[in-house]
Structures are given as C-alpha cells and as structure tokens.
Amino acid sequence: MTLHRKNLIDGEWLGEAGSRNINPSNTNDVVGEYASAGPDEAKQAIAAAKAAFPAWSRSGPLARHAVLKKTSDEIMARKDEIGRSLAREEGKTLAEGVGETIRAAQIFDFFAGETLRLSGEMVPSVRPGVGVEMTREGVGVVGIITPWNFPIAIPAWKIAPALAYGNTIVFKPAELVPESAWTIVDILHRAGLPKGVLNLVMGKGSVVGQAMLDSPDVNAISFTGSVGTGKRVAAASVEHMCKFQLEMGGKNPLVVLDDADLAVAIDCAVNGAYFSTGQRCTASSRLIVTDGIHDRFVDAVKERLDKLVIGDALDAKTQIGPVVDQTQLKQDEDYIAIGRQEGAELAFGGDRLERGTPGFYLQPALFVGSNNAMRISREEIFGPVANVIRVKDYDEALAVANDTPFGLTSGICTTSLKHATHFKRNSEAGMVMVNLPTAGVDFHVPFGGRKGSSYGPREQGRYAMEFYTTVKTAYTFAG
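Residues numbered from 1 in each chain as written. Predicted model: local features only at pLDDT ≥ 70, side-chain atom pairs only at ≥ 80, totals over all residues. Heavy atoms only, no water.

Undergrad: Help me get a handle on the overall build of the protein, residues and values and all.
TA: Of the regular secondary structure elements, the protein holds 15 helices and 23 strands. Expected size for 479 residues packed as a compact globule is a radius of gyration near 23 Å; at 23 Å, the protein falls within 12% of this value. Dimensions of the protein, computed from the C-alpha atoms along their principal axes, are close to 75 × 65 × 40 Å. Of all intrachain contacts in the protein linking residues separated by at least 6 positions in sequence, the fraction that spans at least 24 positions is 72%. Surface accessibility of the protein: about 19,300 Å² in total, with carbon and sulfur atoms responsible for 53%. In the protein, which carries 50 positive and 56 negative side-chain charges, the distance between the mean positions of the two groups comes to 4 Å. (Helix = DSSP H or I, 4+ residues; strand = E, 2+ residues; numbered from the N terminus. Rg over C-alpha atoms; globule rule 2.2 N^0.38 Å. Contact = heavy atoms within 4.5 Å. Areas by Shrake-Rupley, 256 points an atom, 1.4 Å probe, with all protein chains shown as cover. Lys, Arg positive; Asp, Glu negative; His and termini not counted. Charge placed at Lys NZ, Arg CZ, Asp CG, Glu CD.)

Okay, here's the thing in structure tokens:
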C-alpha cells in the first residue's frame, strides 16, 4: 500500500499527496507520495506560527517538557521501524538508520531536560535600590530548512531546542527524504503540541523556502545545506533583519603522521571518508599523510575498501549503501573524472556497480598523487570519494589541512601528545578529532565550524540557546 502524506498547517493535515519518494537502493520501490506546498500554503503556515507564538512562548516548562519527553520516548520505542524507513528513503545502511533514529530520541530527551533548567541572572544595579534581571525568551517564528543526508537527526537538533525555548516553527525538509520529516512531525503533533506551534510544509526550496525568506513574519532561519543556498539565505535574512544560522559545506582533513597506529588510522580514514556513502558534511575527504607511512597507509586503505560490502541499504550485511539519487551520483562521477583530468591517480574504485535491484550504487573511490590545489581537494564532492595528499612532515601537514575555504571538522592520527596538542590548538576547524574519525559527534555538545562551513551560533547542546533565544534585561526600582 502506497503511503499518502500531507502537510501540517495550523494543526490540520492539508494538501494532496503527489510527489513520489523513491528508494535509492531499488528505484522500482516507491516509499510514498507526499504533498507539495505552494507559496499560499507557506504563508498560511507562517501566519499560524505567528498566531501561536504568544501562548507557546509563555507556556510553562512542564508543558514543553511533556511534549519533548513523549516525542523522545516514542522515537526510541519505534527506533527499528523508523530507522528502517530512513534507510529505505535515504540509502544509508540499516544500522546507520537505526543509530540516527536513536540519536534523534536522545536529542529530544536532552532538550526536554533543558526546559526544566531554564535560568537567568539577577545582579545589583550601580544605582541604589535598583535590581537588574537578565532573562532569555524565544525569538518568535523560526524557519527550519534541513538537508537530506541526516533526515531525522538534523531536524531533531533544530526543532527540539526551538520548541524547548518557546519558539514556533515552519519546517521545510529536503524533498528527497519527506517520510522521516513527516514521521517526526506526526509524533510531535500527537504528543500534544498546540495547533500552529509546529507546521510542516514539504515542497520545493525555490517555492516554500523562498516564501519563508521573503516573509517579514519569520524572525529566525536555521539552515543546513549547500554554500550557495546558504549565501542566499543570509542575503535574504539581512533584508528583513531576520536572525540566521547556517551550516554548510566541509572539505575536512584527516592528518596521518608517521608515528600513527596504522590500524587506528585506517579505521578513522575508511569510516570518516566512506561510511554513510561519504554523504556527510563531516566526511574526511582529504587524507593528508606523511612520507614515512604513506605507502603502507594507501595499501591498507585499498585492502579495506576491497572488502567493504556495497549493496541494498536494508540488507543487514551491507556496509555502504547507494548514493541518494541520480543527480548526486552524476556529481560524484563528474568529480572522479575531474580528478583524473587534473592528474591524480585513481588508485581504487570509482565505478558504477550493478546489484540485484536497480539503484545508485558507486564503488568507493580513492585518489593518490593529488595536491591541495586540485578541485578534488578544494570543492566538496559529497560522495564516497577521498584523495590522499602526500606531505613531508607535521608542519606541512598542518599547513595543508588549514589551506581550505572550509573549517567544519579536522582530525589527526598520531601517538605523539606534542603533535596532538598542537593540532587541537592550531587546526582552523570548529571540531577537532584525535585518533577518531572526523565524522561522528555527540548530541549534547556544540556542532559547527569556521570560515565557509558555518555562520552564527553553534547548534546542539546548551549552546543552541544562543540562537533560539534573545536576552532581555529588566530594571526594577523598589522605592
């Protein structure tokens, strides 16, 4: 039976479902059909969120806690079902889909707790008899625009704090993964959210997203996606003096030094570069390796890649699923061709693969003999493609690692406390990993980068408060 899903606007499920959601592991499999909102529906959603804000922003902490805790509990109870659905529509493996679902539940649980920990400050004024209070309040209507690569975790880490701090929401998910978005909204709706507090408007970014950017009634925009779209979000937000938060691309380095534990380095490189089909903004797309370990490292990575199982995301044996869709597959293949044209050697993979069902299967690709000036070293590919850059020592490795327009995450594999400590301090990235994959972060600590990767306050953890609240200072003269 084909699923038919509608948008949620002002507490009502509206719209005719017609946009098809295709399984990238089996293009004959239709996950469901989904409503596609137009500008009028987007305006209705914004108006509903604006009308709901006064009551929700003044609701007590127990009311918000109850909704977020119920949501967390249901997601966790249904983790296998939701994780399977996620893997089916996005293409990441079943294990990754379930793991991401668990992370979403943990995020809602964390922010349920945060509703009971809201605090302010009270200080004496420099004037006698005057008291000063500093409190935080929700910013208003928040537009949330999310990507396809983490279809439940990223919506969770935006929606949960927005609700916890008293905001109302207009949520536009990526068109490729509407089922995960619909599921999380349905759970929140049934958990007891008042009408208009959370509105789901599935549809094209050029239509729904643009309506959000054009509206003076949207007080803040939280966006995760491409650099180009992020710049358009920034420009449009400035026009209305709308608060905005951007999470964009990455070209993340993993430095491997001569003294590294080779087994650890291989695990970090393969996991970081290729798991989730390389479709992570935190993926290790540049492997910067010093002379003494270079050849052994390359041979070991190739050996590991040759053993990886690439197949249907729903098969429990699969380690790497398909690319998300035909457009992304073409982009990956185009960059593989560019790497060859630039003079890099394709040491492994890069070929389309045939499996039992028609899907977007690509063999993980590894380039060697590359340099940091090549396009494959400068531009985000967002697929299972990584290149090795050979350097002579730690100093050159650090310089190459920092020579990028991005600054999301970075990593180093070394047994030297001196080099690890120096790298943590001098790496120009928002997140730094030592003997760990660059991809993979905790849900209760800040997420974000520098340079072209991020703009605005950090996401996740208590730092999310910086974006989703505004500070009020109140003075009282007691007489």
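Undergrad: Outline the sheet that holds strand β7 (residues 130-138), supporting the account with residue identities and numerical values.
TA: Across the sheet, 3 strands lie side by side as β6-β7-β23; this open sheet has antiparallel pairing. At either end of the open sheet lies a strand with only one pairing partner, and these are β6 (121-124) and β23 (469-477). When strand polarity is set aside, the average angle formed by the axes of neighbouring strands in this sheet is 20 degrees. Strand direction decides the pairing type here: β6 and β7, joined by 4 bridges, are antiparallel. Of the residues in β7, the one forming a bridge with M122 is E133. (Pairing = 2+ DSSP bridges. Axes fitted to C-alpha atoms, helices over the stretch in contact; angles between N-to-C directions.)

Undergrad: Please set out the sheet that holds strand β16 (residues 365-370) residue by residue, giving values where relevant.
TA: Pairing is mixed in the open sheet, where 7 strands are placed in the order β15-β16-β17-β14-β13-β19-β20. Looking at strand neighbours, the two that pair on one side only are β15 (345-348) and β20 (431-434), the edges of this open sheet. Each neighbouring strand pair of the sheet contributes to a mean axis angle of 25 degrees, computed without reference to strand direction. One ladder, built from 4 bridges, connects strand β19 (residues 409-413) with β20; its direction is parallel. Bridged to T409 within β20 is M431.

Undergrad: Please give an account of the packing of aromatic side chains that cites residues and values.
TA: In the structure shown here, the tally under the stated rule is 7 aromatic pairs. Consider the rings of F111 and Y165, whose centres lie 6.4 Å apart with planes at 85 degrees: the pair is edge-to-face. Taken together, the positions of F111 in helix α4 (residues 94-114) and Y165 in the loop between α5 (153-164) and β9 (168-172) put the pair 54 residues apart, joining distant regions of the chain. When sorted by exposure, F111 lands in the same class as Y165, which is buried. Where F467 meets Y468, the ring centres are 4.9 Å apart and the plane angle is 85 degrees; that geometry is what we call edge-to-face. Pairwise contacts between aromatic rings join F110, F111 and Y165 into one cluster. The positively charged end of R5 is found above the aromatic ring belonging to W182, 3.7 Å away from the centroid. Over the ring of F150 we find K92; its NZ or CZ atom is 3.7 Å from the centre of that ring. (Phe/Tyr/Trp six-rings, centres within 6.5 Å; stacked < 30°, edge-to-face > 60°. Buried < 20%, exposed > 50% of the residue type's maximum accessible area, 1.4 Å probe, protein only. Lys NZ or Arg CZ within 6 Å of the ring centre and 35° of its normal.)

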